[in-house]
Amino acid sequence: METKTIKCNKCNNDAIIFQKYSGMHLCKRHFIEDVERKIKLTIRKHYSVKRNEVIAVGLSGGKDSSTTLYILDRIFGKRPDIEIVGISIDEGIEGYRPDTISSAKELTEKLGIRLIVRSFREEYGTTMDEIAPMQREKGACSYCGVLRKSLLNKTALEIGATKLAIGHNLDDEAQTILLNHLKGDVSRMVRLAPPKELEGLVLRMKPLRQIPEKEVALYAYLHNLPLGFGGCPYAHEAMRREIRIMLNEFEVRHPGTKYALLSGFDKISGILGREFPQEGLLNCIICGQACTGELCQACKLLKRGQ
Ligand code: SF4
């Protein structure tokens with residue numbers, strides 16, 4: 001029996017994906033073009049890359065950060081006035097992180113991009129494997145996220161980076177927006193908006209914020225990017241997991257829900273920023289990193305200075 005293939009809506013080739021939210025079937029070429037077009041638009045709209053910039057990329061070696069690095073290299077790699085540098089943070093999670101860091105090394109070697117590897121052990125004298133079993137006030141991911149963000153920013157500053165790209169995709173952004181609403185956390189919502197220049201903080205960019213997670217995975221697969229697999233043993237952020245499941249169910253029943261959450265947030269983020277202006281930054285009295293109080297979040301969590 002002859003099997004009928006579905007054709008791309010833009011040409012006569014076989015489709016490899018159906019985007020329920022746009023109603024489009026796309027072949028490999030038009031899918032890749034669609035992803036890259038959205039990313040270029042996002043960069044132009046929110047992050048305006050100028051001449052002589054150093055773009056650091058937080059590179060875990062997973063699909064999102066690897067795709068971010070790969071696409072930024074495709075867009076800016078030929079420009080002699082722009083340097084792209086990968087920064088991998090080794091949080092000290094046996095059985096998980098070494099594998100993804102070796103993927104990060106493989107990818108940066110393939111692309112001829114400099115990679116800097118920093119670790120919690122050398123910076124903070126501890127690891128997530130040591131923090132996780134301790135009596136803690138917060139979940140493991142809170143510690144890990146705060147410490148990694150701080151070390152990424154510090155390293156980016158040290159190399160003179162003017163932007164710090166991270167691999168948050170549409171699903172991550174939609175989950176975070178909903179999570180902040182459900183927690184009533186306005187200050188986090190303000191910080192989620194595309195950032196402004198702040199002394200001591202390298203401007204963070206999220207080139208994948210308009211790309212659904214499944215499409216990032218497909219893009220990485222089609223480009224044969226070396227990816228570390230396996231899950232982190234401490235990934236138990238319960239509320240985010242519930243929101244992720246709920247949003248995925250909503251997306252099936254109401255395609256476009258994740259995009260609607262993001263575009264609604266983008267429309268009000270300017271008003272939020274005006275109503276709740278971010279405080280000016282000080283320097284942490286222990287480590288010197290930019291923060292809003294006397295102590296930065298990383299030093300507070302590590303109980304430094306007590
Ligand atoms: Fe860190 Fe949580 Fe991610 Fe594991 S899942 S690497 S603990 S943030």
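Data block above holds the structure.
Reading guide: rules and limits
Positions within a chain are numbered from 1, following the residues in the order the chain's sequence is written. Local features in this predicted model are restricted to residues whose pLDDT is 70 or higher, and side-chain atom pairs enter the listing and the counts only when it is 80 or higher, whereas totals over whole chains, interfaces and linings include all residues. Side-chain descriptors were evaluated using all non-hydrogen atoms of the structure, hydrogens and water having been removed beforehand. Helix and strand labels come from DSSP, where a helix needs a run of H or I of at least four residues and a strand needs a run of E of at least two; each type is numbered from the N terminus. Throughout, radius of gyration means the C-alpha value; the globule benchmark is 2.2 Å times the number of residues raised to the power 0.38. Here the term buried applies to any residue with accessible area under 20% of the maximum for its type, exposed to any over 50%, and partly exposed to those in between, with areas from a 1.4 Å probe on protein chains only. Each accessible area value is a Shrake-Rupley result obtained with a 1.4 Å probe; residue values ignore everything except the protein chains displayed when judging cover. Residues are classed as near a molecule or strand on a simple rule: at least one heavy atom within 4 Å of it. Throughout this entry, Asp, Glu, Lys and Arg are counted as charged residues, while Ala, Val, Leu, Ile, Met, Phe, Trp, Tyr, Cys and Pro are counted as nonpolar. The remaining residues, Gly among them, count as polar. To estimate the expected span of a helix, subtract one from its residue number and multiply by 1.5 Å. Pairs of N or O atoms are called polar contacts if they sit within 3.5 Å, as long as, within protein, a hydrogen donor faces a hydrogen acceptor (for residues adjacent in sequence, only side-chain-to-side-chain pairs). Here, a salt bridge means any side-chain nitrogen of Lys or Arg that lies within 4 Å of a carboxyl oxygen of Asp or Glu. The criterion used for residue contact is that any of the two residues' heavy atoms lie within 4.5 Å. Any Phe, Tyr or Trp ring, taking Trp's six-membered ring, that has another such ring centre within 6.5 Å forms a pair; planes under 30 degrees apart are called stacked, those over 60 apart edge-to-face, and the others tilted.

A. Region of the structure containing the overall build of the chain. Looking only at helices and strands, the chain has 12 helices and 9 strands in total. Over its C-alpha trace the chain gives a radius of gyration of 20 Å, about what one expects of a compact globule, namely 19 Å for 306 residues. A principal-axis box enclosing the C-alpha atoms of the chain has dimensions of 75 × 45 × 40 Å. Here the chain holds 306 residues, and the buried ones make up 47% of them. Accessible surface for the chain amounts to roughly 16,300 Å². Of this, 53% is attributable to carbon and sulfur atoms.

B. Main features of the site of the ligand. Around the ligand lies a shell formed by Ile93, Arg97, Cys141, Cys144, Arg148, Cys232, Tyr234 and Ala235. For the shell around the ligand, the element with the most residues is helix α6 (residues 140-158), which contributes 3 residues. Of the residues in the shell around the ligand, the class split is 6 nonpolar, no polar and 2 charged.

C. Representation of helix α7 (residues 170-183) within the structure. For α7, spanning 14 residues, the distance from its first C-alpha to its last is 20 Å, which sits close to the expected 20 Å at 1.5 Å a residue. Counting buried residues along α7, 11 of its 14 residues qualify, which places the element largely inside the surrounding structure. Within α7, the full set of buried residues consists of Leu170, Asp171, Asp172, Glu173, Ala174, Gln175, Thr176, Ile177, Leu178, Leu179 and Asn180. Where α7 begins, the capping side chain belongs to Asn169, and its oxygen is found 2.9 Å from the backbone nitrogen of Asp171. One or two steps after α7, the chain reaches Gly184, where phi turns positive at roughly 65°.

D. Representation of the pattern of salt bridges within the structure. Applying the stated rule across the entire model yields 23 salt bridges. In this structure, Asp64 and Lys63 form a salt bridge, with 3.1 Å as the shortest nitrogen-oxygen distance. Taking the relative accessible area as the measure of exposure, Asp64 reaches 16% and is therefore buried. A salt bridge links Asp171 to Lys258, with the nearest nitrogen and oxygen atoms 2.7 Å apart.

E. Focus on the side chain of Ser119. As for its placement among the helices and strands, Ser119 is situated in strand β5 (residues 114-119). Apart from the residues lying within four places of it in its own chain, the contact partners of Ser119 are Asp90 and Leu151.

F. Molecular detail of the environment of Ala235. Along the chain, Ala235 falls in the loop between α9 (213-222) and α10 (238-253). In this structure, the C-alpha to C-alpha distance between Ala235 and Gly280, residues 45 residues apart in sequence, is 33 Å. Excluding its chain neighbours within four sequence positions, the residues that come into contact with Ala235 are Cys141 and Arg241.

G. Expanded view of the packing of aromatic side chains. For the structure shown, the criterion picks out 3 aromatic pairs. For the pair Tyr70 and Tyr219, a centre-to-centre distance of 6.2 Å together with 65° between the ring planes defines the contact as edge-to-face. With Tyr70 in helix α2 (residues 63-76) and Tyr219 in helix α9, this pair connects stretches of sequence that are 149 residues apart. You can call Tyr70 buried: its relative accessible area is 15%. On the numbers, 5.4 Å between centres and 75° between planes, the contact of Phe120 with Tyr124 is edge-to-face. Of this pair, Phe120 and Tyr124 both sit in helix α4 (residues 120-124), 4 residues apart, roughly one helical turn. For the pair Phe120 and Tyr124, one class covers both residues: buried.

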